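# Inside the fold
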Amino acid sequence: DALGSLRTLVGETPEPKTQNWTRQTLVLRDAMIALDCNDAGLTAFDTACVLYGRDRAEDAWAGPSEAMHQKMKRALKLGRHLRDGGYRKFLTGAI
């Protein structure tokens, strides 16, 4: 916008824009983070710590539910799928 351009010209930093996450963009973000974490040698638990914080991940891992652990597995599976060519379907709107 014009005001943003003016601020840039006079050396003021524009206000940061807040990301509006949707369910789909969060799933894709988590998939990319899970893939990066896996490639860096991190475990599913470590990945959960990156995504949700250590306290929340420890609570989830200590509890009876496998929900977060399964979510990490699904995120990694999607990340691998996208990396291995599935991103083409995403780009065409098929995902």
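Analysis parameters
- Residues numbered from 1 in each chain as written.
- Predicted model: local features only at pLDDT ≥ 70, side-chain atom pairs only at ≥ 80, totals over all residues.
- Heavy atoms only, no water.
- Helix = DSSP H or I, 4+ residues; strand = E, 2+ residues; numbered from the N terminus.
- Buried < 20%, exposed > 50% of the residue type's maximum accessible area, 1.4 Å probe, protein only.
- Contact = heavy atoms within 4.5 Å.
- Patch = residues over 30% accessible without salt bridge, like charges linked within 9 Å, V, L, I, M, F, W, Y side chains within 5 Å.
- Areas by Shrake-Rupley, 256 points an atom, 1.4 Å probe, with all protein chains shown as cover.
- Salt bridge = Lys/Arg side-chain N within 4 Å of Asp/Glu carboxyl O.
- Lys, Arg positive; Asp, Glu negative; His and termini not counted.
- Charge placed at Lys NZ, Arg CZ, Asp CG, Glu CD.
- Axes fitted to C-alpha atoms, helices over the stretch in contact; angles between N-to-C directions.
- Parallel < 35°, antiparallel > 145°, perpendicular 65-115°, else oblique.
- Left-handed = near helix turned anticlockwise from the far one by under 90°.
- Nonpolar A, V, L, I, M, F, W, Y, C, P; charged D, E, K, R; others polar.
- 1 Å grid on protein atoms, 1.4 Å probe; cavity = no way out; pocket = protein on both sides within 12 Å on 5 of 7 lines; lining within 4 Å.
- Points joined across faces, edges and corners; volume = space filled by probe spheres on them.

## What to know about the overall build of the protein chain
If you tally the helices and strands in the protein chain, you get five helices and zero strands. With 95 residues in all, the protein chain has 22% of them scored as buried. For the protein chain, contacts bridging at least 24 residues in sequence account for 43% of all contacts bridging at least 6.

## Some words on a positive patch on the surface
Where like charges cluster on the molecular surface, the positive patch consists of R23, R56, K71 and R74. Structurally, R56 can be placed in helix α4 (residues 54-62). By relative accessible area, R56 is classed as partly exposed at 48%.

## Considering the packing of helix α3 (residues 44-52) against α4
The interhelical angle for the contact between α3 and α4, taken along N-to-C directions, is 135°, at an axis separation of 7 Å. Here α3 is positioned oblique relative to α4, judged by the angle of their axes. Considering only the axes of α3 and α4, their crossing is right-handed. Note on element contacts: α4 touches α3 through R54, R56, A57, E58 and W61, opposite A44, F45, A48, C49 and Y52. When the residues that make up the contact of α3 with α4 are grouped by side-chain class, the tally is seven nonpolar, no polar and three charged.

## Quick notes on the layout of surface pockets
Picture a little ball the size of a water molecule; that probe, rolled over the atoms, points out where space is still empty. Approximately 270 Å³ is the volume attributed to the largest pocket. If you trace the largest pocket, you find it lined by R23, L26, V27, R29, D30, Y52, K71, R74, A75, K77 and L78. Contributing elements (two or more residues each) for the lining of the largest pocket: α2 (23-39) and α5 (67-91). Class assignment of the residues belonging to the lining of the largest pocket gives a composition of five nonpolar, no polar and six charged.

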